[in-house]
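Residue-level structure breakdown
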2 protein chains.
Amino acid sequence: MAIIKNGTVIYAEHPTNHIVPGVTTKYIEEDIDLDNVPLNGGVLIKTLALSSDPYMRYRMRDPSIPMFCPVVPLGQPLDNFGVGTIVRSEDPAFKPGDFVDGFINFQEYSVWPGPPEQQHVLRYLTKIDRAPGLPATIYTGTLGLAGKSAYSAYDVLAKEKSLESKVLFVSGAAGPVGTFVVEYARICNPNLKIIGSAGSAAKIEILKKIGCDVTINYKEQDTAAILKEHGPIDIYWDNTSGATLDAALKNMSFFGLIVACGAISAASNNGDGSIVRNFEEVFQRSIAIRGFVYGMGEPAKVLPEFYEKATKLVLEGKITSREHRFNGLREAGEALEVVHSGKNTGKAVIVVRDE
Amino acid sequence: MAIIKNGTVIYAEHPTNHIVPGVTTKYIEEDIDLDNVPLNGGVLIKTLALSSDPYMRYRMRDPSIPMFCPVVPLGQPLDNFGVGTIVRSEDPAFKPGDFVDGFINFQEYSVWPGPPEQQHVLRYLTKIDRAPGLPATIYTGTLGLAGKSAYSAYDVLAKEKSLESKVLFVSGAAGPVGTFVVEYARICNPNLKIIGSAGSAAKIEILKKIGCDVTINYKEQDTAAILKEHGPIDIYWDNTSGATLDAALKNMSFFGLIVACGAISAASNNGDGSIVRNFEEVFQRSIAIRGFVYGMGEPAKVLPEFYEKATKLVLEGKITSREHRFNGLREAGEALEVVHSGKNTGKAVIVVRDE
């Protein structure tokens, strides 16, 4: 090892609407001395893969706007859920070669924990007993934030009701949270009619492969009409809010359940994309809605069992994965953008380096 | 008794927006022979008072629009929760002079159950042991639909959480549901900070009298700013939806609870009044929302205890009432309209005849 160029993606400018690669985010290179960079009791991580998640748009905002997640300070490296290997360690919990999951900087190499200005609220690092045969990247999606969100919230908030339900509707169903929910719901109740919606022909193919009984291309079909034909909906897993939520509200069962997992229509659009017009259906149909943020509240209680249970389902082929790979940190900005424009097919993952 | 003129309010025309007295509803008189009108095994009721509730707008709609409550057929008498006395009876469950609560026609006298075209889903009739000293009209409000809705839903959905909560916000707080919720919440947890909103100076006076710690005249003040100053809100009782719900969503606690009781902003306006823009806060703050319709689901379980418990609280002065009285069925249309325009102060009740 020696002094090398260390690729880094910094948060350069608050986006007014969409993330613009090269403007909102900038790829730079700085020298790093892998042998001698001070660890200050921490570790040096070689980054393997980083997750691109829709919520990252919320972290890229003016810090005067209060929100559930911390901002990335301007000029600092982005960070998010990712995986890597330990290169050097002054921390007795880690040794060189360990495979780790954590909140990792968008850098090829990074010291963890970094300097104070890079230590955000979500910082954590955990050694993982990686299952043989599984790619590192799966730990950023199906066995990462997306899978953990889907598993914990469905298991705690929806599983019991699903046993006596007939119809489940999942929006954003071709994304890594959506496909996990569809497949896990099928495991919990094989008799469910599962309706999935997504926004491209390629995504509709995914929905068919993972076993959706009914598919909706919301850009080309009338979501409300299809829900009316195949409903009423007992459980709606909402990844979108906006117009799709409105269509679902008009087609819910009495005493139906909505799990509010995300609002990509709001996160991806300033203004009208987030409008909901049919909220009055909530009282008229005695609907219960449960919002959740990964890792908080009741759903978090089942996270300790996640790796054991989910890894088994993955190895059995019952929970499947698809990846949209972005190669190298130079493509990180694009990876962050596509999850809002919907151009990706499969989990957007930044492969920082092949193993 | 003899043949007399029987005042009746019929549903004359579907409203396109607001209820227009004399157009949407029409007062007519028809002969009725009180001694000889056939009862067909039922009873003849002398109507004392009828409730005017916002949801009646939903019953006055084109029947092609599916909804939680049945329509009133055009040309038929309106009906709603009301009280009366039994004049004649062929039903062994009732005898002349009995004080009854039921789903009663907007008629001075009516046969119950009426002809098939007047038998809607909600039809019921119950004898009530009326508490000495209480006016008949209270059984259309504080001890009627409004009180039963407030008591049952707060008790089942919110009471337990209220014990560990600091701030409750109630919109439409000067109405009969709102005042009951405010006063009952205070009984459940005397330490709650209670914020109430309403739309006139007279209503704000009511909020102060019933013990709201903070009041908001939403037509003159910035709801969101006041909620921000006095929040975050642990429990929001939503009678309005729309802009007030949006202000609440931005000021909820993590793991806050919203009880969705009504959507007067939607029921009272075609179009933009019902728009909700901040639904994404539901997942970002891990909010739970529970919608309910009176008499259905979990809240209905505590209804059997309602009269005993609520009457005691009323007699002790802990639950108070205010009435906006409309005299005679000729004023019924106006009574139905004001609960949407907000011109009433206190429970809108149609006093069909003084006792």
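Just so it is clear, the structure is predicted and the values come from calculations on it, not from any experiment. (Residues numbered from 1 in each chain as written. Chains lettered and ligands numbered in written order. Predicted model: local features only at pLDDT ≥ 70, side-chain atom pairs only at ≥ 80, totals over all residues. Heavy atoms only, no water.)

1. Observations regarding the side chain of A:T25
- Turning to its location among the elements, A:T25 is positioned in strand β2 (residues 25–33).
- Sequence-distant contacts of A:T25, defined by excluding residues within four places in its chain, comprise A:V9, A:I10, A:A12, A:V20, A:M60, A:L78, A:G333 and A:L336. (Helix = DSSP H or I, 4+ residues; strand = E, 2+ residues; numbered from the N terminus. Contact = heavy atoms within 4.5 Å.)

2. Brief notes about the side chain of B:T311
Residues and elements named next belong to chain B.
- Within the secondary structure, T311 sits in helix α9 (residues 306–315).
- A distance of 2.5 Å separates the side chain of T311 from the backbone oxygen of Y307, its partner in a polar contact.
- Leaving out residues up to four positions away in the same chain, T311 has contacts with A131, L134, L143 and F306. (Polar contact = N/O pair within 3.5 Å; in protein donor to acceptor, adjacent residues only side chain to side chain.)

3. Details of the interface of chain A and chain B
- On the chain B side, the residues contacting the 33 residues of chain A number 33 residues.
- Carbon and sulfur atoms make up 66% of the area that chain A and chain B hide from each other, which totals about 2900 Å².
- It is A:F279, A:F283 and A:Q284 that lose the most area in chain A upon contact with chain B, and together they represent 23% of the buried surface on that side.
- Linking chain A with chain B are zero salt bridges.
- At the boundary of chain A and chain B, one finds 12 residue pairs in polar contact (both at pLDDT 80 or more).
- Take the side of chain A that touches chain B: its biggest share by element is four residues, from strand β13 (residues 288–291) of chain A.
- Classifying every residue of the side of chain A that touches chain B by side-chain character gives 21 nonpolar, seven polar and five charged.
- For β13(A) and strand β13 (residues 288–291) of chain B, the ladder comprises three bridges, and the chain directions are antiparallel. Pairing of A:R290 across the sheet is with B:A288, part of β13(B). (Buried area = accessible area lost by both parts, 1.4 Å probe. Salt bridge = Lys/Arg side-chain N within 4 Å of Asp/Glu carboxyl O. Nonpolar A, V, L, I, M, F, W, Y, C, P; charged D, E, K, R; others polar. Pairing = 2+ DSSP bridges.)

4. Quick word on the sheet that holds β13(B)
- Pairing is mixed across the open sheet formed by 12 strands, whose spatial order is β10(A)-β9(A)-β8(A)-β11(A)-β12(A)-β13(A)-β13(B)-β12(B)-β11(B)-β8(B)-β9(B)-β10(B). The open sheet has two edge strands with one neighbour each: β10 (214–217) of chain A together with β10 (214–217) of chain B. Across the sheet, the mean angle separating the axes of adjacent strands is 15° when strand polarity is ignored.
- Where strand β11 (residues 233–238) of chain A meets strand β12 (residues 252–260) of chain A, five bridges bridge the pair, whose relative direction is parallel. (Axes fitted to C-alpha atoms, helices over the stretch in contact; angles between N-to-C directions.)

5. Observations concerning the packing of aromatic side chains
All names here are of chain A.
- Applying the stated rule across the entire model yields 36 aromatic pairs over all chains.
- A ring pair is formed by F306 and Y307, whose centres lie 5.6 Å apart and whose planes are at 65°; its orientation type is edge-to-face.
- The exposure class assigned to F306 is buried, which follows from its relative accessible area of 1%.
- Its relative accessible area of 27% is what places Y307 among the partly exposed residues.
- Taken together, the ring pairs connect F99, Y139, Y151, Y154, F180, Y184, W237, F292, F306 and Y307 into an aromatic cluster.
- The side chain of R130 reaches across the aromatic face of F99, ending 4.7 Å from its centre. (Phe/Tyr/Trp six-rings, centres within 6.5 Å; stacked < 30°, edge-to-face > 60°. Buried < 20%, exposed > 50% of the residue type's maximum accessible area, 1.4 Å probe, protein only. Lys NZ or Arg CZ within 6 Å of the ring centre and 35° of its normal.)

6. A look at the relation of the copies chain A and chain B
- With an RMSD of 0.0 Å, the fit of chain A onto chain B corresponds to turning through 180° and sliding 0.0 Å along the axis. Both copies are brought into coincidence by an operation consistent with a two-fold rotation axis.
- Looking at chain A, 100% of its interface residues are interface residues in chain B too, so the copies touch through the same face. (Least-squares fit on C-alpha atoms with pLDDT ≥ 70 in both.)

7. Some thoughts on the UniProt feature "domain: Oxidoreductase N-terminal" (unreviewed entry) in chain A
- Mapped onto this numbering, the UniProt entry gives "domain: Oxidoreductase N-terminal" (unreviewed entry) at residues 38–114 of chain A.
- Span residues 38–114 of chain A is 5% helix and 40% strand, its end C-alpha atoms 10 Å apart. (UniProt positions renumbered as here; feature names shortened; annotations may be inferred.)

8. Thoughts on helix α6 (residues 242–249) of chain A
- For α6(A), a buried count of seven out of eight residues is recorded, marking the element as mostly surrounded by other parts of the structure.
- A:G242, A:T244, A:L245, A:D246, A:A247, A:A248 and A:L249 are the residues of α6(A) that are buried.

9. Things to note about the pairing of strand β4 (residues 79–89) of chain B
Residues and elements named next belong to chain B.
- Buried residues dominate β4, accounting for 10 of its 11 residues.
- Across seven bridges, the pairing between strand β3 (residues 43–51) and β4 is antiparallel. Paired with V43 across the bridge in β4 is S89.
- Bridge count between β4 and strand β5 (residues 99–105): seven bridges; the pairing is antiparallel. By the bridge assignment for β5, T85 is matched with F99.

10. Describing the domain arrangement of chain A
Residues and elements named next belong to chain A.
- Under the domain assignment, chain A is made up of domain 1 (3–141 + 321–351) and domain 2 (145–300).
- Summarising the inter-unit geometry, the C-alpha centres of domain 1 and domain 2 are found 29 Å apart.
- Contact with domain 1, which involves 23 residues of that partner, is made by 19 residues of domain 2.
- Both faces considered, domain 1 and domain 2 share a buried interface measuring about 1500 Å² in area, 53% of it formed by carbon and sulfur atoms.
- Notably, a salt bridge pairs D101 with K148, separated by 3.6 Å at the nearest N-O pair.
- Run the count over domain 1 and domain 2 and you get three residue pairs in polar contact (both at pLDDT 80 or more).
- Listing elements by their share of the side of domain 1 that touches domain 2, those giving two or more residues are α1 (56–59) and α10 (332–341).
- With three residues, the single largest contributor to the side of domain 1 that touches domain 2 is α10.
- Taken together, the residues that form the side of domain 1 that touches domain 2 break down as seven nonpolar, 11 polar and five charged. (Domains from an automatic or database assignment.)

11. A closer look at helix α2 (residues 145–162) of chain A
- Residue A:D155 marks the point of greatest curvature in α2(A), where the axis turns by about 50°.
- In terms of residue burial, α2(A) counts as a mostly covered element, since 14 of its 18 residues are buried. (Bend = angle between axes of the 7 residues up to and from the residue.)

12. Considerations on the environment of A:V214
All names here are of chain A.
- When you line up the elements, V214 lands in strand β10.
- Judged by relative accessible area, V214 falls into the buried class, the value being 9%.
- Note: C-alpha distance between V214 and F169 (45 residues apart in sequence) is 9.2 Å.

13. Here's the deal with unusual backbone geometry
- Put simply, A:G231 and A:P232 share a cis peptide bond, and its omega is 0°.
- Positive phi, close to 65°, is recorded for B:F255, a residue that is not glycine.
- By the element assignment, B:F255 lies in strand β12 (residues 252–260).

14. Remarks on the environment of B:P77
All names here are of chain B.
- By the secondary structure assignment, P77 is in the loop between α1 (56–59) and β4.
- Sequence spacing of P77 and M296 is 219 residues, and the spatial spacing of their C-alpha atoms is 25 Å.
- Here P77 is in contact with T8, V9, I10, V72, N105, Q107 and Q118, once residues within four sequence places are set aside.

15. Considerations on the packing of helix α5 (residues 223–230) of chain A against α6(A)
All names here are of chain A.
- Where α5 meets α6, the axes come as close as 9 Å, and the angle between the chain directions of the two elements is 30°. Taken together, the axis directions place α5 and α6 in an arrangement best described as roughly parallel. At the point where α5 passes α6, the crossing takes the right-handed sense. Contacts between α5 and α6 pair T223, A224 and L227 from the former with T244, A247 and A248 from the latter.
- Considering only residue class, the contact of α5 with α6 consists of four nonpolar, two polar and no charged. (Parallel < 35°, antiparallel > 145°, perpendicular 65-115°, else oblique. Left-handed = near helix turned anticlockwise from the far one by under 90°.)

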